[in-house]
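Breakdown of the fold
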Amino acid sequence: MITLNHYLIISGMLFALGLAGVIARRNIIIIYMCLEMMLSAANLTLVAFSRFRVTEGLPDYAAQSLVFFTITVAAAEVAVGLAIIVALYRSKQSVETESVTKLQG
Amino acid sequence: MPSILFYLFSAMTLGFGLLVVTARNPVTSALSLAGSFVGLAALFLSLDAYFIGTIQILVYAGAVMVLFLFIIMLLDIKAEEGKKPNLPAVIGGIVLAVILALQIATVCSSFSNGAVKIKDAPLVLQKAGELAKIPTIANDLKAGVLPDAKLMGLTLFQKYGFHLQVVGLLLLVGTIGVVVLSKREKGVKDA
């Protein structure tokens, strides 16, 4: 039988995968995709807690509202981030993290 | 949801997630991410969050992934061929991820409330139907159906109305930001 812990562990593993991708990869677009994975892992935790915290016979909808807001913010963030990547590609002809050294001391 | 389906969709989410991190070709990564999101949406459905599951498919697996694929194809990014991966970063990433996963597993194993099963947290729709003030929601609940989208909308507009407007403003600012960012500067000739 599936317990709350199962969902939390799956979410934790997904978050860890995303973190590994953000640190290990050098392509900025893939780093962005891994960020999206980490946000989704957090969403899974919120939905799981929402379902297991039954109030008056219904799931806790405050948590699911937070998931809704997370998804909206993530969508806005992706749009702005990809615009930045396009601007970066125009000036550097590359989307590798190594090619962006302007802020390096 | 039967246990086997849970394990199937979890394996789908994590397997495609692993492919996102390891694939050399960005298009493979993007398509794997879409697969991972579909598995995740199935997990949301297993938690009775039908509205969130649908939004996950529509917004993430649909809109966001199309945006990613569009940018990958627009910029014509090739697979990293012949390039050696940055070894210290790869090792650091794997070590950090393993440490984080172990920490989460340890916390979960000592979290006593985590052992609660779905059967132990049942939805009591009839009782909730008697407490519900909105007639359509009350009728659905009394009929034994969970009106997920209606309850979600009620919460969003009743409890979080102001927050919803702030999110709308955020989307507007994001749109303006994208337009400003993608505008070419005058006098600068692009390739």
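These numbers were taken from a predicted model, which means no experiment stands behind them. (Residues numbered from 1 in each chain as written. Chains lettered and ligands numbered in written order. Predicted model: local features only at pLDDT ≥ 70, side-chain atom pairs only at ≥ 80, totals over all residues. Heavy atoms only, no water.)

A word on the overall build of chain A. Secondary structure summary: chain A contains 3 helices and 0 strands in total. Starting at the N terminus and walking to the C terminus, you meet the elements of chain A as α-α-α. Taking the principal axes of the C-alpha coordinates as reference, chain A spans close to 55 × 25 × 25 Å. Within chain A, the fraction of its 105 residues that count as buried is 62%. When the accessible surface of chain A is summed, it comes to about 3,900 Å², and 67% of that surface belongs to carbon and sulfur atoms. (Helix = DSSP H or I, 4+ residues; strand = E, 2+ residues; numbered from the N terminus. Buried < 20%, exposed > 50% of the residue type's maximum accessible area, 1.4 Å probe, protein only. Areas by Shrake-Rupley, 256 points an atom, 1.4 Å probe, with all protein chains shown as cover.)

In this section: helix α1 (residues 3-22) of chain B. When the terminal C-alpha atoms of α1(B) are compared, their 28 Å separation across 20 residues agrees well with the 28 Å that a helix rising 1.5 Å per residue should span. Within α1(B) the residues assigned to the buried category are B:Phe6, B:Ser10, B:Thr13, B:Leu14, B:Gly17, B:Val20 and B:Val21. All buried residues of α1(B) fall inside an arc of 110 degrees around its axis, so they share one side. Counted as exposed and oriented over 90 degrees from the buried face of α1(B): B:Ile4 and B:Leu8. Looking at the buried residues of α1(B), the elements they touch are α1 (4-24) and α2 (28-52) of chain A together with α2 (26-46) of chain B. (Expected span 1.5 Å × (residues − 1). Arc of directions from axis to C-beta. Contact = heavy atoms within 4.5 Å.)

Okay, the interface of chain A and chain B next. Listed as interface residues are 72 residues of chain A and, on the opposing side, 90 residues of chain B. Carbon and sulfur atoms supply 76% of the area buried between chain A and chain B, which totals about 7,300 Å² over both sides. The interface formed by chain A and chain B contains 1 salt bridge. With a closest N to O distance of 2.8 Å, B:Asp48 and A:Arg51 form a salt bridge. Between chain A and chain B we count 12 residue pairs in polar contact (both at pLDDT 80 or more) in total. Elements with a minimum of two residues in the side of chain A that touches chain B: α1, α2 and α3 (61-92) of chain A. Class assignment of the residues belonging to the side of chain A that touches chain B gives a composition of 52 nonpolar, 12 polar and 8 charged. (Buried area = accessible area lost by both parts, 1.4 Å probe. Salt bridge = Lys/Arg side-chain N within 4 Å of Asp/Glu carboxyl O. Polar contact = N/O pair within 3.5 Å; in protein donor to acceptor, adjacent residues only side chain to side chain. Nonpolar A, V, L, I, M, F, W, Y, C, P; charged D, E, K, R; others polar.)

Here we come to the domain arrangement of chain B. All names here are of chain B. You can read the domains of chain B as domain 1 (1-77) and domain 2 (122-186). For domain 1 versus domain 2, the separation of C-alpha centres amounts to 23 Å. In this complex, domain 1 contributes 5 residues to the contact, which on the side of domain 2 involves 5 residues. Both sides together, the interface formed by domain 1 and domain 2 hides about 400 Å², and carbon and sulfur atoms give 76% of it. Of all residues in domain 1, the largest losses of buried area upon contact with domain 2 belong to Asp-48, Tyr-50 and Phe-51, amounting jointly to 87% of the total for that side. Seen at the junction of domain 1 and domain 2, the total is 0 salt bridges. (Domains from an automatic or database assignment.)

Right, let's talk about the UniProt feature "transmembrane region" (unreviewed entry) in chain A for a bit. All names here are of chain A. As annotated in UniProt, the feature "transmembrane region" (unreviewed entry) corresponds to residues 6-24, 29-49 and 61-89 in the numbering used here. Structurally, residues 6-24 is divided into 100% helix and 0% strand, and its ends, taken at the C-alpha atoms, are 27 Å apart. End C-alpha to end C-alpha, residues 61-89 measures 42 Å, and it is 100% helix and 0% strand. (UniProt positions renumbered as here; feature names shortened; annotations may be inferred.)

Turning our attention to the UniProt feature "transmembrane region" (unreviewed entry) in chain B. All names here are of chain B. UniProt tags residues 6-23, 30-51, 57-75, 87-105 and 160-181 as "transmembrane region" (unreviewed entry). Secondary structure content for residues 6-23 is 94% helix and 0% strand, while the C-alpha to C-alpha distance between its ends is 25 Å. End-to-end, the C-alpha atoms of residues 160-181 are 31 Å apart, and along that stretch the chain is 95% helix and 0% strand.

Its 23 residues place the ends of helix α4 (residues 87-109) of chain B 33 Å apart at the C-alpha level, agreeing with the 33 Å of an ideal helix rising 1.5 Å per residue. All of the buried residues along α4(B) are B:Ala89, B:Gly93, B:Ala97, B:Leu100 and B:Cys108. Where α4(B) is buried, its residues touch α1 of chain A.

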